[in-house]
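Coordinate analysis (summary)
Chain residues, written in single-letter form:
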Amino acid sequence: MRVLLIEDDDGVAGPLTEGLRRFGFTVEHARTGAEGLAGPEAAMVLLDLGLPDMDGIDVCRALRSRSSVPIIMISARDDEVDRVLGLELGADDYVSKPFGVRELVARIRAVTRRVRPTVPDTQRGSAKPSDELRRPGTPDIQRLGPLTIDCRTRQVRLHQSSIALAPKEFDLLTCLAEDPGAVCSRRQILDTVWEPNFFGPTKTLDVHIAALRRKLGDASWIENIRGIGFRLALPAHLDATSAAVQVRGEEIR
């Protein structure tokens, strides 16, 4: 995915660009609002509000007047008025500094899922599998030991057996599986699986975690990191070596 980063502070832009590239994004960096507006077309815009030549709010307004490109505002401003104004002008999300690259990537993916166009049924029937694989943003099949997650077909298999998940349970599993072993904060999960700035009861997340653990047949698949969040990991009692061999056998077949 090509991302346009409009950020005047090189101390922020440098590490952020490097971090996003590690996640597979192509990043174009603009240091002013004018440079960003004149920059190449991108699939996602990350827009700082505190620019040297013009307010980021005005840049957002100009971008939205000519394009439907997804926009995530990033700023040290934490005032509610700025957030509301940015969202009302057409921004898709708002991230307050400081933030981690992993959180930003999760928000980019969440916004992308929301704005990705649906393929009409008339086209879906004629599309070739190779075209589907080449479509930007199409997720890969994710594997962790005997667990296989096909995000394109929304199918989950464990030890070759299919597992029926509710839509939110599937979204929760894919969120955790994006980086197995890494801890996802409760806020990050709620923003990704539900919606940014989700204000519902956080108990909702615990209920879905419990249901997902039950369907996976082993609570140790999802580890609770007290006070932080959750992570997906291969249960200790599984033989990781034999699981890897099993996965390679599936790929060969």
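The structure reproduced in this document is the subject of the present report. Values in this document were obtained by computation on a predicted structure and should not be read as measured data.

**Comments concerning the nonpolar core**
Counting 26 residues, the largest nonpolar core has Leu176, Ile189 and Ile222 as its most contacted members. Of all elements in the fold, only strand E7 (147–150), strand E8 (155–158), helix H8 (167–177), helix H9 (186–194), helix H10 (203–216) and strand E12 (229–232) reach the threshold of two or more residues within this core. At six residues, H8 tops the list of elements feeding residues into this core. Leu4, Leu37, Ala91 and Tyr94 belong to the second-largest nonpolar core, a separate cluster that totals 18 residues.

**Examining the pattern of salt bridges**
Tallying each qualifying case throughout the model produces twelve salt bridges. Of the charged contacts in the structure, one is a salt bridge between Asp10 and Arg31, with a shortest N-O distance of 3.0 Å. One end of the pair, Asp10, is in helix H1 (residues 10–22); the other, Arg31, is in the loop between strand E2 (26–30) and helix H2 (33–37), and 21 residues separate them in sequence. For Asp10, a relative accessible area of 45% puts it in the partly exposed group. The partner of Arg22 in a salt bridge is Glu18, and the shortest N-O contact between them spans 3.6 Å. Linking Arg22 with Glu18, this pair stays in helix H1, spanning four residues, or about one helical turn.

**Brief notes about the environment of Ile225**
Topologically, Ile225 is positioned in strand E11 (residues 222–225). Separated by 40 residues in sequence, Ile225 and Ser185 place their C-alpha atoms 8.8 Å apart. Residues contacting Ile225, with those up to four places away along its chain left out, are Val183, Phe230 and Arg231.

Parameters at a glance
Residues numbered from 1 in each chain as written. Predicted model: local features only at pLDDT ≥ 70, side-chain atom pairs only at ≥ 80, totals over all residues. Heavy atoms only, no water. Core = buried A, V, L, I, M, F, W, Y, C linked by side-chain atoms within 4.5 Å. Buried < 20%, exposed > 50% of the residue type's maximum accessible area, 1.4 Å probe, protein only. Helix = DSSP H or I, 4+ residues; strand = E, 2+ residues; numbered from the N terminus. Salt bridge = Lys/Arg side-chain N within 4 Å of Asp/Glu carboxyl O. Contact = heavy atoms within 4.5 Å.

The values are spatial; any link to function lies outside them.
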